[in-house]
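The lines below spell out each chain.
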Amino acid sequence: MSTIEIETMSHLSTLQSSSDFLSTTTIIALTIFFSLLCACIIIGHLLEENRWANESITALLLGLCAGAVVLLASKGNSSKILVFSEDLFFLYLLPPIIFNAGFQVKKKQFFKNFTIILMFGIFGTVISFCLISVGAFLLFNRIGVTSLNTQDYLAVGAILSATDTVCTLQVLSQDETPFLYSVIFGEGVVNDATSIVLFNAVQSLDFNNIDAMISLKLLGTFLYLFFTSTILGVVAGLLSAFIIKTLYFGRHSTDREVALMMIMAYLSYMLAELLNLSGILTVFFCGIVMSHYTWHNVTQSSRITTKHAFATMSFIAETFIFLYVGMDALDIDKWKASSASAGTFIAVSSTLFALVLVGRAAFVYPLANFINCIRKRDGSNIAFRKQFIMWWAGLMRGAVTIALSYNQFSNSDDEDTQDSALMITSTIIVVLFSTVVFGSITKPLIEAVLLRHAKPNVSDATDIPSLDDLRLMFIENGEPSDMGAGPRRSSLRLLLTHPTWTVHYLWRKFDDRFMRPVFGGRGFVPFVPGSPTGASDEASRT
């Protein structure tokens, strides 16, 4: 054989190996998904004013239709073109969504209602977790699901406590209903983080030796993960602000500023996962800190770029997730793996959804009325109509629920495979039903229950007073040095009577005096040669 023939065969083998690396199946799958993404964007635009549909429902239904077509094309053998992967979801799709949520949040409204958000997002989720776990333990044996253990029941409580408020937020307006939007938005983020923290805490505990200390261990694990994850996100955001403020990347390239913000945000998430913390909480608070400090330290062009880039990545990831869930719902292998009858499927799914309804109501109405009793002085009570919308907004379940369900039940032993497959398929039924049915009713329901009864020109949330108003609260009776003036009001008394406003005032003073000189923030103008700021600085020097 000649040398030329040998080289030709070697070259052909190299091409063959490269073509094996670029699998045709993977290329086809990605082509279909990106085509469906384009279709979702177009259809979502056309249905922008529709009362019964939104982009989330559109993506989910398109995913179902695509899965049905693939199922028919494979003659009922498989509906998969991409396998549902927890790594894909938690490492690539979820971080940009949560980071953008923190980056774009209206911080004034968010922190004004921070106490309510924490009560609903943490205590409410824990109440729902306990009720759903106990309810599943008491009811599943009667249905015929007998192979689940204590860890599985607790995992079910954490899985079904993870809400998905995307559909509700798409029809709520920050201008018309600022209180509801900030509370539902904030609770949704904190709820997801709390559910995952609870799920991870359940996984880390040893249930072979159950004693009276197990609840305290669970609480301690939860508090440790919650606070350490939050601190890590704050530190990552402050570090990015300090680096960009100190090094002035914009003097040479604005691309470096944008790239550093993206990479450090994603790095904070990965570092949290590496340390077995909550990546959701970490990247969420990293986004809040970056929007408060880092974003003001970059050039004007970088500010515009980052704002739209983060929102675009979040939008694509959300749409991709709903498509993913829709197509994975027709995974014929999971349906075949469970030998349960149609009646058992309906019974388990109905039980799970009933527990979701009761678990949500068990904390929304009591906590809302408890808040009303505390806030009776200022007259800013949460009306029953708003309580109903807050209850309704948390009934929908999404991709986090499915991902946690796969994590818990996809690697079960052979003897538990049937009940594990039953739990996964029942969870998928709950997600599909809650998103499509409840999601489609959300917009007309909000219009009927809330907006038609809204008082004109009256906002449902009072803005935080200006610093001048807050300062007057501290010296309400005049300065102590003034003749005849009354005593200065104590910070403790103001903290008890006006906690939110007082904390806001004290934080602003601390932020202006200590934080912004070090980390930059609002009012900081980075020096960029050639810019109007740079030109004025050069002129002042000469």
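Definitions and limits used
Residues numbered from 1 in each chain as written. Predicted model: local features only at pLDDT ≥ 70, side-chain atom pairs only at ≥ 80, totals over all residues. Heavy atoms only, no water. Helix = DSSP H or I, 4+ residues; strand = E, 2+ residues; numbered from the N terminus. Buried < 20%, exposed > 50% of the residue type's maximum accessible area, 1.4 Å probe, protein only. Contact = heavy atoms within 4.5 Å. Areas by Shrake-Rupley, 256 points an atom, 1.4 Å probe, with all protein chains shown as cover. Polar contact = N/O pair within 3.5 Å; in protein donor to acceptor, adjacent residues only side chain to side chain. Phe/Tyr/Trp six-rings, centres within 6.5 Å; stacked < 30°, edge-to-face > 60°.

1. What about the overall build of the protein?
Okay, so step 1: The secondary structure content of the protein amounts to 22 helices and 0 strands.
Okay, so step 2: Counting only residues that meet the buried cut, the protein has 49% of its 542 residues in that class.
Okay, so step 3: Considering only contacts in the protein between residues 6 or more positions apart, those separated by 24 or more positions represent 82%.
Okay, so step 4: Entry remark: accessible area of the protein is about 26,600 Å², with carbon and sulfur atoms responsible for 64%.

2. What about the environment of Gly398?
Okay, so step 1: Position of Gly398 relative to the elements: it lies in the loop between helix H16 (384-393) and helix H17 (399-409).
Okay, so step 2: A C-alpha to C-alpha distance of 8.0 Å links Gly398 and Phe322, two positions 76 residues apart in sequence.
Okay, so step 3: In contact with Gly398, not counting residues within four places along its chain, are Asp164 and Val431.

3. Side note on the side chain of Asn113
Okay, so step 1: Positionally, Asn113 belongs in the loop between helix H5 (107-112) and helix H6 (114-143).
Okay, so step 2: Among the polar contacts made by the side chain of Asn113, one reaches the main-chain carbonyl oxygen of Gln109 at a distance of 3.1 Å.
Okay, so step 3: Excluding residues within four positions of it along the chain, Asn113 makes contact with Phe179, Ser182 and Val183.

4. Quick notes on helix H7 (residues 150-159)
Okay, so step 1: Within H7, 8 of the 10 residues are buried, which leaves it mostly tucked inside the rest of the structure.
Okay, so step 2: At the N-terminal end of H7, a side-chain oxygen is found 3.2 Å from the backbone nitrogen of Gln151, two or three residues along, and the residue is Asn149.

5. Things to note about the environment of Thr319
Okay, so step 1: When you line up the elements, Thr319 lands in helix H13 (residues 300-328).
Okay, so step 2: Spatially, the C-alpha atom of Thr319 lies 9.7 Å from that of Ile57, the residues being 262 residues apart in sequence.

6. Considering the packing of aromatic side chains
Okay, so step 1: Applying the stated rule across the entire model yields 29 aromatic pairs.
Okay, so step 2: Here Phe99 and Phe310 contribute two aromatic rings whose centre-to-centre distance is 4.8 Å and whose plane-to-plane angle is 85 degrees, an arrangement assigned as edge-to-face. Placement of the pair is Phe99 in helix H4 (residues 86-104) and Phe310 in helix H13, with a sequence separation of 211 residues.
Okay, so step 3: We classify Phe310 as buried; its relative accessible area is 3%.
Okay, so step 4: Relative to Phe519, the ring of Phe242 lies with its centre 6.4 Å away and its plane at 70 degrees, an arrangement referred to as edge-to-face. In this pair, Phe242 sits in helix H10 (residues 214-247) while Phe519 sits in helix H21 (residues 499-519), placing the two residues 277 residues apart along the sequence.
Okay, so step 5: With a relative accessible area of 40%, Phe242 lands in the partly exposed category.

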